[in-house]
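Given next are the chains, with one letter for each unit.
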Amino acid sequence: MRLPYKGITIALDNGSGDYSFISHAHADHLNGIKRQQNFIASEETHELAGLGGKLVDVEGTKLINAGHVLGARQLVLEEDGRKTVYTGDISLKQNIFGLSAETVQCDRLIMESTYAHPEYVFPDNFDIYESIAKWIRENDRKNLLIGAYELGKAQEIIKVLNEYCGIAPVVNERAERFCMTYEKFGIKLERAVVGSEEAEDVMRGRFVAIVPMRHAKRYFAANLAKAFERETRVGVATGWALQYRFNVDAAFPMSDHADFNDLVYYAEQTGASKIEFFEGDGSKVVSALKNKIINPLLNK
Ligand SMILES: [Zn+2]
């Protein structure tokens, strides 16, 4: 998607305009970007995504917090007194890093709709952190694997394990690259990188590892159990756990996206008269807005 703006075009999370706005560093928001481009993005995103090129300030544009993952921003454009907001991916509920999306009044809203169906209502993040910690404590003699996306979710779980359980988990190199950027921007994370001496040490005893989602499988846990001669359990942390059954020992519905109620609440707060969705089907959000079904218990 591209927005014409004061005689130029701004590409939204792709490389097709005079300038590219990159909302955050998840791979599905980096389509077709070229390294020599001029980017509108946060410094964190520039680094996490390895954007290269140049970060620019375009007059009349503003970046506001999106929550979601480190560096995630929404784009606000103002032209002839009319405001447009493009959300990228947003989360409204506070997480362990204190990240959450800001809301501004606008005329046109282009928003995400990952969980734009009423069946997606996530528990409070801190309740989920508690349930992860409880699972870790209940299985304190077993090795545990937790499947999570390597940017955002992995760092959130590391922090939970550090603060709730005093555990430094084992992480893979890809997650480690993102952890280093989190630390560069002031977020301390205790972890051990697989293959390092420190990780070898940790893995001599009982350990907790954060693994890519594709490895969060029972057969993978069974192989590790043999290799380490220790019972091994596997869990996942993903918003999709609300709808899909994962073949694992524990599934935590932990999401860094807005849920259905959040999306409706957010859209209502912006006061936008024109709402579009850049992916997926937002029709349930639109009808909830029309019928004024806005959950009053949320986001006090
Ligand atoms: Zn994302």
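Every chain is numbered independently, its residues counted from 1 as its sequence is written. Only residues with pLDDT of at least 70 get local features here, since the model is predicted, and only at 80 or more are side-chain atom pairs given and counted; chain-wide, interface and lining totals rely on the full set of residues. Side-chain metrics in this entry use all non-hydrogen atoms of the structure; hydrogen atoms and water are not considered.

Run through the coordination of the zinc ion, naming residues and quoting values.
The expected angle between donors at a tetrahedral four-coordinate metal is 109.5 degrees. At an octahedral six-coordinate metal it is 90 or 180 degrees. Here a donor is any nitrogen, oxygen or sulfur atom (N, O, S) within 2.8 Å of the metal, with 3.2 Å used for Na, K and Ca; water is not among the atoms considered, so some sites may look incomplete. Surrounding the zinc ion are the protein donor atoms His24 (NE2), His26 (ND1), His68 (NE2) and Asp89 (OD), which sit 2.1 to 2.3 Å from the metal. The rule is simple: four donors are tetrahedral if all their angles sit between 85 and 135 degrees, four are square planar and six octahedral if opposite donors span more than 155 degrees and the others lie between 65 and 115, and anything that fits none of that is irregular. In this structure, the zinc ion is coordinated by 4 donor atoms arranged in irregular fashion, with angles at the metal of 91 to 166°. All donors of the zinc ion belong to a single chain; written as a sequence motif, their spacing is H-x1-H-x41-H-x20-D. In this pair, His68 sits in the loop between strand 6 (61-65) and strand 7 (73-79) while Asp89 sits in the loop between strand 8 (82-86) and strand 9 (108-111), placing the two residues 21 residues apart along the sequence. Accessibility expressed as a relative area gives 2% for His68, which makes it buried. Here a helix means four or more residues in a row that DSSP labels H or I, a strand means two or more in a row labelled E, and each is numbered from the N terminus. A simple rule labels every residue: compare its accessible area, found with a 1.4 Å probe on the protein chains alone, to the largest value its type can have, and call it buried under 20%, exposed over 50%, or partly exposed in between.

Mind laying out the sheet that holds strand 3 (residues 19-21), listing which residues take part and the relevant values?
What the 5 strands build is an open sheet, ordered 1-2-3-4-5; its pairing is mixed. One side of each edge strand has no neighbouring strand; the edge strands of this open sheet are strand 1 (2-5) and strand 5 (54-55). Pairing of strand 3 with strand 4 (residues 38-40) involves 2 bridges; the strand directions are parallel. Among the inter-strand pairings, Ser20 is bridged to a residue of strand 4, identified as Phe39. Between any two strands, at least two bridges found by DSSP are needed for them to pair.

Report on helix 2 (residues 125-138), specifying residues and quantitative values.
The end-to-end C-alpha distance of helix 2 is 20 Å, a good match for the 20 Å that 14 residues give at a rise of 1.5 Å each. Those residues of helix 2 that sit buried are Asn125, Ile128, Tyr129, Ile132, Ala133, Trp135 and Ile136. Within helix 2, the buried residues cover an arc of 160° as seen down the axis, which keeps them to one side. By definition, residues are in contact when any of their heavy atoms lie within 4.5 Å. Along its buried surface, helix 2 packs onto strand 10 (143-147), helix 3 (153-165), strand 13 (208-211), strand 14 (232-237) and strand 15 (250-252). What a helix should span is 1.5 Å times the count of its residues minus one. It is the directions from the helix axis to the C-beta atoms whose arc is reported.

Outline the nonpolar core, listing residues and values.
A general tendency of soluble globular proteins is for nonpolar side chains to be buried together. To form a nonpolar core, buried Ala, Val, Leu, Ile, Met, Phe, Trp, Tyr and Cys residues must be joined to one another through side-chain atoms within 4.5 Å. Counting residues in hydrophobic clusters, the biggest one holds 60 residues, and the most contacted among them are Leu109, Ile136, Ile146, Ile157, Tyr182, Ile210 and Val285. A total of 6 residues in this core trace back to one element, the largest contributor, which is helix 7 (residues 260-270). Core analysis: the next-biggest nonpolar cluster, separate from the first, contains 15 residues, Ala199, Phe207, Ala209 and Val248 among them.

Describe helix 7, listing the residues and the values that go with them.
With 9 of its 11 residues buried, helix 7 lies for the most part within the structure. Looking at the buried positions of helix 7, the neighbouring elements they touch are strand 7, strand 8, strand 9, strand 16 (274-277) and helix 8 (283-290). The N-cap residue of helix 7 is Asp259: its side-chain oxygen and the backbone nitrogen of Asn261 are 3.2 Å apart. Positive phi appears at Gly271, one or two residues downstream of helix 7, with a value of about 70°. Counted as a polar contact is a pair of N or O atoms within 3.5 Å, where, for protein atoms, one must be capable of donating a hydrogen and the other of accepting one, and residues adjacent in sequence contribute only when both atoms are in side chains.

Lay out the pattern of salt bridges with the relevant residues and their values.
Put simply, a salt bridge is a Lys or Arg side-chain nitrogen that is within 4 Å of an Asp or Glu carboxyl oxygen. Tallied over the entire structure, the rule returns 15 salt bridges. When the shortest N-O distance is used, the salt bridge between Arg233 and Glu231 registers 2.7 Å. Residue Arg233 is classed as partly exposed on the basis of its relative accessible area, which comes to 25%. Judged by relative accessible area, which is 46%, Glu231 ranks as partly exposed. Note that Lys274 and Glu276 form a salt bridge whose closest N and O atoms lie 3.7 Å from each other. You can call Lys274 partly exposed: its relative accessible area is 44%. One salt-bridge network, held together by shared partners, links Lys93, Asp259 and Asp262.

Any details on empty space enclosed by the protein? Residues and values, ideally.
A 1.4 Å probe that fits but cannot get out identifies a cavity on a 1 Å grid over protein atoms alone, an open set with protein on both sides within 12 Å along at least five of seven lines counts as a pocket, and a residue lines either if it has an atom within 4 Å of a point. Grid points are joined across faces, edges and corners, and a volume is the space filled by probe spheres set on the points. Taken as a whole and assessed by the stated rule, the structure comprises 1 cavity of 30 Å³ or more. If you add up the space inside the largest cavity, you get close to 70 Å³. Residues of the lining of the largest cavity, tallied by class, amount to 3 nonpolar, 5 polar and 4 charged. All amino acids are sorted into three groups, where Ala, Val, Leu, Ile, Met, Phe, Trp, Tyr, Cys and Pro are nonpolar, Asp, Glu, Lys and Arg are charged, and the leftover types, Gly among them, are polar.

Would you mind going over the packing of aromatic side chains in detail, with residue names and values included?
Note on aromatic contacts: the rings of Phe and Tyr and the six-membered ring of Trp form a pair at centre separations within 6.5 Å, being stacked when their planes are under 30 degrees apart, edge-to-face when over 60 apart, and tilted otherwise. In total, this model carries 12 aromatic pairs according to the counting rule given. A ring pair is formed by Tyr86 and Phe278, whose centres lie 5.0 Å apart and whose planes are at 55°; its orientation type is tilted. You can see Tyr86 sitting in strand 8 and its partner Phe278 sitting in the loop between strand 16 and helix 8, a full 192 residues away along the chain. Judged by relative accessible area, which is 3%, Tyr86 ranks as buried.

Mind laying out the sheet that holds strand 16, listing which residues take part and the relevant values?
The 5 strands are arranged 6-7-8-9-16 in an open sheet whose pairing can be described as mixed. Each having just a single partner strand, strand 6 and strand 16 make up the two edges of the open sheet. Taking each pair of neighbouring strands and ignoring which way they run, the sheet shows an average axis angle of 20°. Axis definition: a line fit to C-alpha positions, over the contact stretch in the case of helices; interaxial angles, taken between N-to-C directions, run 0 to 180 degrees.

Geometry only, nothing functional implied.
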